[in-house]
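Listed here are the chains, written in short residue letters.
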Amino acid sequence: MKAVVALGANIGNPKEQMDLAVAMLKEATIVTAVSSYYTTKPVGGPEQPDYINAVCILESDLPAIDLLSLLHGIEKSLGRERIEKWGPRIIDLDLIQYGTLLSSATELELPHPRAFERRFVLEPWHEIEPDALLLTHGKISELLAQLS
């Protein structure tokens, strides 16, 4: 099933951590596209450095909750500690969308509930999949235009 995964990092060596996360995703899944890296301002949370963000498209046969566990495992192996909500991160991997699966479960909301309002998700996603649809909100090109 096709998955959209957003990546971000803003402490340590963000580019290196992003590269490692992509490499680990390639070992565990079939990565079909990776966007350019974008430098973005943090959204919410404490004062912190700018982020590097990207989006990748991958194929996986895992159930969605297991794919999420894989993403969390990659984060943990790269040193991610969940200390402060919206705080600085050595790496962050978010499952944005998984096929046509809709989920409102506490442990996994799909599509990601705030993806529609986050330029740092929509812009890199649009780069690699300009005709993409966010299941709950429509064309990402139109969502991006609304953020301008």
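Structure's up top.
Conventions used here
Residues numbered from 1 in each chain as written. Predicted model: local features only at pLDDT ≥ 70, side-chain atom pairs only at ≥ 80, totals over all residues. Heavy atoms only, no water. Helix = DSSP H or I, 4+ residues; strand = E, 2+ residues; numbered from the N terminus. Expected span 1.5 Å × (residues − 1). Buried < 20%, exposed > 50% of the residue type's maximum accessible area, 1.4 Å probe, protein only. Arc of directions from axis to C-beta. Contact = heavy atoms within 4.5 Å. Axes fitted to C-alpha atoms, helices over the stretch in contact; angles between N-to-C directions. Parallel < 35°, antiparallel > 145°, perpendicular 65-115°, else oblique. Left-handed = near helix turned anticlockwise from the far one by under 90°. Nonpolar A, V, L, I, M, F, W, Y, C, P; charged D, E, K, R; others polar. Pairing = 2+ DSSP bridges. Salt bridge = Lys/Arg side-chain N within 4 Å of Asp/Glu carboxyl O.

Draft legend 1. Region of interest: helix α2 (residues 64-77). Taking 1.5 Å as the rise per residue, α2 with 14 residues should run 20 Å; its terminal C-alpha atoms sit 20 Å apart, in good agreement. Residues of α2 that are buried: Ala-64, Leu-67, Leu-68, Leu-71, Ile-74 and Glu-75. Here the buried residues of α2 occupy an arc of 115 degrees about the axis, which is enough to place them on one side. Looking at the packing, one finds that the buried side of α2 touches β1 (2-9), α1 (14-28), β4 (51-59), β5 (92-98) and β7 (108-110).

Draft legend 2. Region of the structure containing the packing of α1 against α2. The interhelical angle for the contact between α1 and α2, taken along N-to-C directions, is 140 degrees, at an axis separation of 10 Å. In this view, α1 runs oblique relative to α2, as classed from their interaxial angle. Seen from above, α1 lies across α2 with right-handed handedness. Contacts between α1 and α2 involve Ala-21, Met-24, Leu-25 and Ala-28 from the former and Leu-70, Leu-71, Ile-74 and Ser-77 from the latter. Across the contact of α1 with α2, the residue classes break down as seven nonpolar, one polar and no charged.

Draft legend 3. Quick look at the pairing of β4. Judged by how many residues are buried, β4 sits mostly within the fold: eight of nine residues are covered. Where β1 lies against β4, eight bridges are found, and the strand directions are antiparallel. When the bridges of β4 are listed, Ala-6 appears paired with Val-55. Alignment of strand β3 (residues 38-40) against β4, held across three bridges, turns out to be antiparallel. Note that in β4 the partner of Tyr-38 across the bridge is Asn-53.

Draft legend 4. Molecular detail of the pattern of salt bridges. Applying the stated criterion across every chain, the model contains four salt bridges. Residues Lys-2 and Glu-129 are paired through a salt bridge, measuring 2.4 Å at the closest nitrogen-oxygen approach. Here Lys-2 is found in strand β1, whereas its partner Glu-129 is found in the loop between α3 (119-128) and β8 (133-134), with 127 residues between them in sequence.

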